[in-house]
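Coordinate inspection notes
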Amino acid sequence: MTTLNASDIEARIDAILVGAIDPHVHSGPSIAPRGIDHLELAQQASKAGFAAVITKDHDYSGVMTAALIARHYPELQTKVYSSIVLNNVIGGFNPYAVEHTAAMGGKIVFMPTLAAENHLKWEKTSGWVHPASTQKIRPASAVPVLDANKQVRDDVKEVLDVIARNDLALASGHIHISETWRVFEEAQKRGVKRMVLTHPEEIVGASFNDVRGIAAMGAFVEHSLCMFLEGSKFKVSDGESLKKYIDAAGLSQTILCSDLGQVGIFSPLEGFRRGVKLCIDLGYGDDDIHAMVSTNAANAFGLQDDVKRAKAARA
């Protein structure tokens, strides 16, 4: 049996990340402190051969910044896209904001995060409060997804219709897994084709059975690497748990993202490198790891052509 040295492992990681996609990254500018901005993210990812990144801010859609980067930095190999999160600042379930994001090339609509009823309950017991809400703007107020009868609200349905018409991806954000089931079922009825369960390992209360069932619906399950990595201030789980999550959903329905960009922690790119190394240590083959950091996200968000271009550029 051949033992790989450190340089062999690094070369293996380099190759796996050609054509990679980070679909959940908190680059700035943002009202919360960020360690990297959208342009720096694109520059670093391009050097590593990434196909695309999708920026996520809790308070605004980054589609305009993505358009500026595409126009003024055409040499960058990594395409920058963005998402919208249905929190207080953009008006919660605001169909106009979602339509605007779609018209400007956005890729993902997140259910509420900091304003989710479930998040606000979790925050009270977690000891964690988002710094922007305490220092710069008023605390978040709840943006509910279900009515008093535990049915999907009409304003949510209107947004789901916009998502379906524009073939956007629906991500669950920080709503509780019990709410996610109802929202995803309603979304499928209304023609939404792309759905993603956001970090089942934290905040949302998902079990392995939930992950298994959500994946069986055809949804992708997205894991935040920062929540599994040694040295991460966001670590809440370990590699063996990640493997159980992957086994529950299946390799073809699993997406790995960094969920990084904050201050006081390693960069999104370094998070991906460490995440790939963790997967190697867990025994996954290079093709399987590449599927989880590239192919599956390309299928989830319609970025197959970007992956082809990134790989051709490094061929």
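Note that the structure is predicted; figures quoted are calculated from it, not measured.

Comments concerning empty space enclosed by the protein
- Enumeration over the complete set of coordinates arrives at one cavity of 30 Å³ or more.
- Every residue along the wall of the largest cavity is listed here: Asp22, Leu41, Gln44, Ala45, Phe50, Val53, Pro268 and Leu269.
- Top element by residues in the lining of the largest cavity is helix α2 (residues 38–47). It accounts for three residues.
- Of the residues contributing to the lining of the largest cavity, the split by class is six nonpolar, one polar and one charged.

Some remarks on the environment of Gln44
- In this structure, Gln44 sits in helix α2.
- Overall, the relative accessible area of 33% leaves Gln44 in the partly exposed class.
- Remark: the alpha-carbon pair of Gln44 and Lys121, spanning 77 residues in sequence, is separated by 36 Å.
- Discounting residues that sit within four places of it in the chain, Gln44 has contacts with Ile36, Ser267 and Leu269.

Here we look at the pairing of strand β6 (residues 194–198)
- Of all the five residues making up β6, five are buried; the element is thus mostly covered by neighbouring parts of the structure.
- Here β6 shows two buried faces, one formed by Arg194, Val196 and Thr198 and the other by Met195 and Leu197.
- Bridging between strand β5 (residues 169–171) and β6 involves three bridges; their strand directions are parallel. Within β6, the residue paired with Leu170 across the bridge is Met195.

A closer look at the confidence of the model for the chain
- When pLDDT is averaged along the chain, the result is 96; 97% of the residues meet or exceed 70.
- By mean pLDDT, helix α6 (residues 131–135) is the weakest element of the chain at 65, and β5 is the strongest at 99.

Focus: the pairing of strand β7 (residues 220–224)
- The buried fraction of β7 is high, at five of five residues.
- Every second residue of β7 is oriented toward a common face, with Phe220, Glu222 and Ser224 on one face and Val221 and His223 on the other, all of them buried.
- Two strands pair when backbone bridges link them, and β6 and β7 are joined in this way by three bridges, in the parallel orientation. Directly across from Thr198, in β7, lies its bridge partner Glu222.
- Tracing the backbone out of β6, into helix α9 (residues 208–216) and back to the parallel element β7 gives a crossover that is right-handed.
- Across four bridges, β7 lies against strand β8 (residues 254–257) in parallel orientation. Bridge assignment links Val221 to a residue of β8, and that residue is Thr254.
- Of the crossover connections in this fold, the one passing from β7 over helix α10 (residues 239–249) to the parallel β8 is right-handed.

What about the packing of aromatic side chains?
- Under the defined criterion, the tally for this structure stands at two aromatic pairs.
- Where Phe208 meets Tyr245, the ring centres are 4.6 Å apart and the plane angle is 50 degrees; that geometry is what we call tilted. Taken together, the positions of Phe208 in helix α9 and Tyr245 in helix α10 put the pair 37 residues apart, joining distant regions of the chain.
- Among the residues examined, Tyr245 registers a relative accessible area of 9% and is labelled buried.
- If you follow Lys56 out to its NZ or CZ, it ends over the ring of Phe110, 4.2 Å from the centre.
- Above the face of the Tyr81 ring, Lys107 is positioned so that its terminal group lies 5.0 Å from the ring centre.

Rules used throughout
- Along each chain, the written sequence defines residue order, and numbers are assigned to residues from 1.
- In view of the model being predicted, local features appear only for residues whose pLDDT reaches at least 70, and side-chain atom pairs are presented and counted only at 80 or more, with totals across whole chains, interfaces and linings using the full set of residues.
- Think of the side-chain values as coming from all heavy atoms in the structure, minus any hydrogens and water.
- Put plainly, a pocket is an open set of points on a 1 Å grid over the protein atoms alone with protein on both sides within 12 Å along at least five of seven lines, a cavity is a set where a 1.4 Å probe fits but cannot get out, and a lining residue has an atom within 4 Å of a point.
- Grid points are joined across faces, edges and corners, and a volume is the space filled by probe spheres set on the points.
- Only runs of H or I of at least four residues qualify as helices and only runs of E of at least two qualify as strands under DSSP, and these elements are numbered from the N terminus.
- Only Asp, Glu, Lys and Arg are considered charged in this grouping, and only Ala, Val, Leu, Ile, Met, Phe, Trp, Tyr, Cys and Pro are considered nonpolar; every other residue, Gly among them, is considered polar.
- Think of it in three bands: residues with accessible area under 20% of the maximum for their type are buried, residues over 50% are exposed, and the middle band is partly exposed, with areas taken using a 1.4 Å probe on protein chains only.
- By definition in these notes, contact holds between two residues if any of their heavy atoms fall within 4.5 Å.
- Any two strands with at least two DSSP bridges between them are considered paired.
- pLDDT: the predictor's confidence for each residue, scored from 0 to 100.
- With the strands aimed away from the viewer, a crossover counts as right-handed if its path from the first strand over the helix to the second runs clockwise.
- Planes of paired rings set the category: under 30 degrees apart is stacked, over 60 is edge-to-face and the rest tilted, where pairs are Phe, Tyr or Trp rings (Trp by its six-membered ring) whose centres lie within 6.5 Å.
- Should the NZ of a Lys or the CZ of an Arg lie within 6 Å of a ring centre and within 35 degrees of the ring normal, that charge is described as sitting over the ring.

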